[in-house]
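# Breakdown of the fold
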Amino acid sequence: MHRKVFLCYSRKDRELFDAFRTHLAPFAQEGLLQVWSDEEIRATEDWDTRIRETIATADAAVLLVSPDLLASSYVTGTEIPLLIQAAESGKLHLAPLFLRQSNPTIPQFDVVDAATGQRGIRITKYQGLNSPVNPVAEQEQAEQDKILAAAAAKLWSALEQLPDARERRRALKGRELTIELRPREGDKLDRRYSKPRYGDLYQGGGTLRLPQLSGLEDHELGRRLFGALFGGDSEWPTILRMALGETVTSPVLHSLRVRIVTNDPELRSLPWTLSQWQHYPLADAQQGWTFELSANTQPTPVARLHMPCSAAMITAEPAGTASLSCEAHHAGIERLLGRVWNHPPRTPYMRKVRTVLEAEALLKEPPRLLYIYCHACTNTEGLRLILEDENGQPAGVPFKNLAALLGSPPPQVIFLHTFGACSIAPPIPGVSLLLHLRRQRTSWQARQEAQGWWEDVFGNGWDPVRAFHEIGPEARRHGAVQTDYEAWETNVSDYTPKIDRPRSRLDRTGQREAVLHAVRDLVNNTRRRVTCIIAYGAPSNLVHHFSMQSIHTLKDWAKDLARIH
């Protein structure tokens, strides 16, 4: 666990700034702190946007106060107001470090309080890391080091007391809200708020001009999406109070699972995960909010996925299309499933098909996990997947046609990973989770991010929606998660089905009993620590499978007596 610290300073105080970073370095080297300043901004980056994003995700900020800092129009006009707003919202720990004699009591910074309105706040409201009466620059070198070392220790001590963002996410259960969106004439929206099994909470209305959303920067788009879901400053505190059962003065102080129910294709395609309040992206890992499209207002109470289970991958690289590195990606998922399932290898863990005919045959008896990794586009029929015909040439297949081929029961999880400009996949009845990750072009990073989702869900037991939000803002902008469940459970069994055991003629009752007797003797006899089992048999007995067969037999018959390695 590390905490992100934002340093606000003047370049004219560079020497003291470097000295303070040196005293923070031991905490950074131990992985406790991530220290950020404008030095981290790379060439060609939008520095204003980067600073705003960093403030929105920081756990703490230190103001290196000096006359030059307070004379900077950008610092006093943008950075300090953002930092104070974050501190007043409870999002960030703010502390001044007084470097040189100045007048910090004079500037007053306006912040917006949802309960009391606008008010002015001075820097001196916050407890400093040193005394403003004896600033760092007026001390001898040895005393400066002493002050800066103490300031670094005080900062870490304060950060240790803050709740971890992951702990906030674990508390998300039960803190949820369903928002049903119904478009009216023009740009009007009807909003209906409810919770599963609780019924309606609130009704409202608003505007959302869809054509004007294109081309917006993420922060402006995010603010408009939040307004479309929760209304203005006079409305959202009431909605969140009813959803959470407590007074809400700042959305960033709470985590909320937001389910969006709508039949309108344009509304379903919007990047709701970019929603932000003021300059805080709510789906950021620090805030802990999640956004998903839901099939209905009363979803299935629990979706349970038992693993290991059947899995398949539909992928294609037809002639004339950009390479997707399908073989490498499939091999990566194979290794991942082998590791997280801790399971004797199937052949393979995830079956792979490439052609339209193979895909149609696969879907007649669909697997529990279906991964579709291919190029895609949109035409009058909607989302269209680019697969291969029998000659390796491109063959476009409407997604709705593949969905209609699904046998019963349909897959529990469908993960669409498509490349090219295309629309969001429509929901499929009976599918607990439909995730669509859209990208313009393939890359090694795209494959790694997708594999990270598989590992988070099937290896670490995360909720799939939370894992999707961890992918990153660029991916979330063009993707969507559609769900039909209230709670997700991932169960990994250590039982090995017979189909995955080595074919062997050693699986006989007498031999099982002999093994069980030997294990019991080993466990119950305090003088013995090792038992050696030796197999005798003809080549037709498949003796080379005996070690694996012994392990399975021990696990089946002696699981209540011993831990088998």
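Residues numbered from 1 in each chain as written. Predicted model: local features only at pLDDT ≥ 70, side-chain atom pairs only at ≥ 80, totals over all residues. Heavy atoms only, no water.

## Quick word on the sheet that holds strand S1 (residues 3-8)
- Spatial ordering of the open sheet is given by S2-S1-S3-S4, a layout of 4 strands whose pairing is parallel. Of all the strands in the sheet, the pair left with one neighbour each is strand S2 (33-36) and strand S4 (93-98). The average undirected angle you get between the axes of adjacent strands in this sheet is 25°.
- Bridge count between S1 and strand S3 (residues 60-65): 4 bridges; the pairing is parallel. The residue of S3 that forms the bridge with Val5 is Ala60.
- Its contacts with the sheet place helix H1 (residues 14-29) against S1, S2, S3 and S4, and it is angled at close to 155° to S2.
- The strands that helix H2 (residues 47-57) touches are S1 and S2; relative to S1, the one it contacts most, it runs at about 135°. (Pairing = 2+ DSSP bridges. Helix = DSSP H or I, 4+ residues; strand = E, 2+ residues; numbered from the N terminus. Axes fitted to C-alpha atoms, helices over the stretch in contact; angles between N-to-C directions. Contact = heavy atoms within 4.5 Å.)

## Examining unusual backbone geometry
- Cis geometry is adopted by the peptide bond preceding Pro308, which originates at Met307 and carries an omega value of 0°.
- In this chain, Ser408 is followed by Pro409 through a cis amide linkage whose omega measures -5°.
- With respect to the helices, strands and loops of the structure, Pro409 is situated in the loop between helix H12 (399-405) and strand S20 (413-419).

## Quick notes on the packing of helix H10 (residues 326-341) against helix H13 (residues 444-459)
- Interaxial distance between H10 and H13 falls to 10 Å at its minimum, and their mutual angle equals 20°. The angle between H10 and H13 falls in the class roughly parallel. Crossing angle aside, the handedness with which H10 passes H13 is right-handed. Of the residues in H13, those in contact with His329, Gly332, Ile333, Leu336, Arg339, Val340 and Trp341 of H10 are Arg447, Ala450, Gln451, Trp454, Glu455, Phe458 and Gly459.
- Split by residue class, the contact of H10 with H13 holds 7 nonpolar, 4 polar and 3 charged. (Parallel < 35°, antiparallel > 145°, perpendicular 65-115°, else oblique. Left-handed = near helix turned anticlockwise from the far one by under 90°. Nonpolar A, V, L, I, M, F, W, Y, C, P; charged D, E, K, R; others polar.)

## Concerning the pairing of strand S22 (residues 480-483)
- In S22, alternate side chains face the same way, and those of Ala480 and Gln482 on one face and Val481 and Thr483 on the other are all buried.
- Of the strand pairs in this sheet, strand S13 (residues 290-294) and S22 are connected by 2 bridges, and their pairing is parallel. Bridge pairing in S22 links Ser294 to Thr483. (Buried < 20%, exposed > 50% of the residue type's maximum accessible area, 1.4 Å probe, protein only.)

## Looking at H2
- The complete set of buried residues in H2 reads Ile51, Thr54, Ile55, Ala56 and Thr57.
- Residues of H2 that are buried sit in contact with S1, S2, helix H4 (73-88) and strand S12 (280-281).

## Concerning H1
- With 16 residues, H1 should reach 22 Å at 1.5 Å per residue; the first-to-last C-alpha distance of 22 Å fits that figure.
- Largest kink in H1: about 35°, centred on His23, with the proline Pro26 one to four residues after it.
- By the burial criterion, the buried members of H1 are Leu16, Phe17, Phe20, His23, Leu24 and Phe27.
- Along its buried surface, H1 packs onto S1, S2, S3, S4 and helix H5 (141-160).
- A positive backbone phi angle near 80° is found at Gly31, which sits one or two residues after H1. (Expected span 1.5 Å × (residues − 1). Bend = angle between axes of the 7 residues up to and from the residue.)

## Overview of the nonpolar core
- Counting residues in hydrophobic clusters, the biggest one holds 65 residues, and the most contacted among them are Phe6, Leu83, Leu94, Phe230 and Trp272.
- It is H4 that provides the largest number of residues to this core, a total of 8 residues.
- Each residue touching Trp272, except ones within four places of it in the same chain, is listed here: Leu181, Leu208, Leu225, Ala228, Leu229, Ile260, Leu267, Phe291 and Leu293. (Core = buried A, V, L, I, M, F, W, Y, C linked by side-chain atoms within 4.5 Å.)

## A closer look at the packing of aromatic side chains
- Applying the stated criterion across every chain, the model contains 19 aromatic pairs.
- Judged by centre distance (5.7 Å) and plane angle (75°), the rings of Trp236 and Trp277 are edge-to-face. Of this pair, Trp236 sits in helix H8 (residues 236-244) while Trp277 sits in strand S11 (residues 276-277), and the two are 41 residues apart along the sequence. The pair Trp236 / Trp277 is uniform in exposure class, with both members buried.
- Consider the rings of Phe415 and Trp454, whose centres lie 6.1 Å apart with planes at 25°: the pair is stacked. Here Phe415, found in strand S20, pairs with Trp454, found in helix H13; they are 39 residues apart in sequence, far enough to count as distant. Each member of the pair Phe415 and Trp454 is classed as buried.
- Here the aromatic cluster, defined as three or more aromatic residues joined through ring pairs, consists of Tyr371, Tyr373, Phe415, Phe419, Trp453, Trp454 and Phe458. (Phe/Tyr/Trp six-rings, centres within 6.5 Å; stacked < 30°, edge-to-face > 60°.)

## Points about the confidence of the model for the chain
- Per-residue confidence for the chain gives a mean pLDDT of 82; residues scoring 70 or more make up 84%.
- When the criterion is pLDDT under 50, residues 165-174 qualifies, and its contacts beyond four places in sequence or with other chains add up to 19 contacts. (pLDDT = per-residue confidence, 0-100.)

## Regarding the pattern of salt bridges
- In this structure the tally under the stated criterion is 25 salt bridges.
- A salt bridge links Arg192 to Glu180; the nearest nitrogen and oxygen atoms lie 2.2 Å apart. Within this pair, whereas Arg192 is found in strand S8 (residues 188-195), its partner Glu180 is found in strand S7 (residues 176-183), the two being separated by 12 residues in sequence.
- For the salt bridge of Arg339 with Glu455, the shortest nitrogen-to-oxygen distance reads 2.8 Å. On the criterion of sequence distance, the pair formed by Arg339 in helix H10 and Glu455 in helix H13 is long-range, its members being 116 residues apart.
- A relative accessible area of 28% means that Glu455 is categorised as partly exposed.
- Connected through shared salt-bridge partners, Arg14, Asp18, Arg21, Glu39 and Glu40 make up one network. (Salt bridge = Lys/Arg side-chain N within 4 Å of Asp/Glu carboxyl O.)

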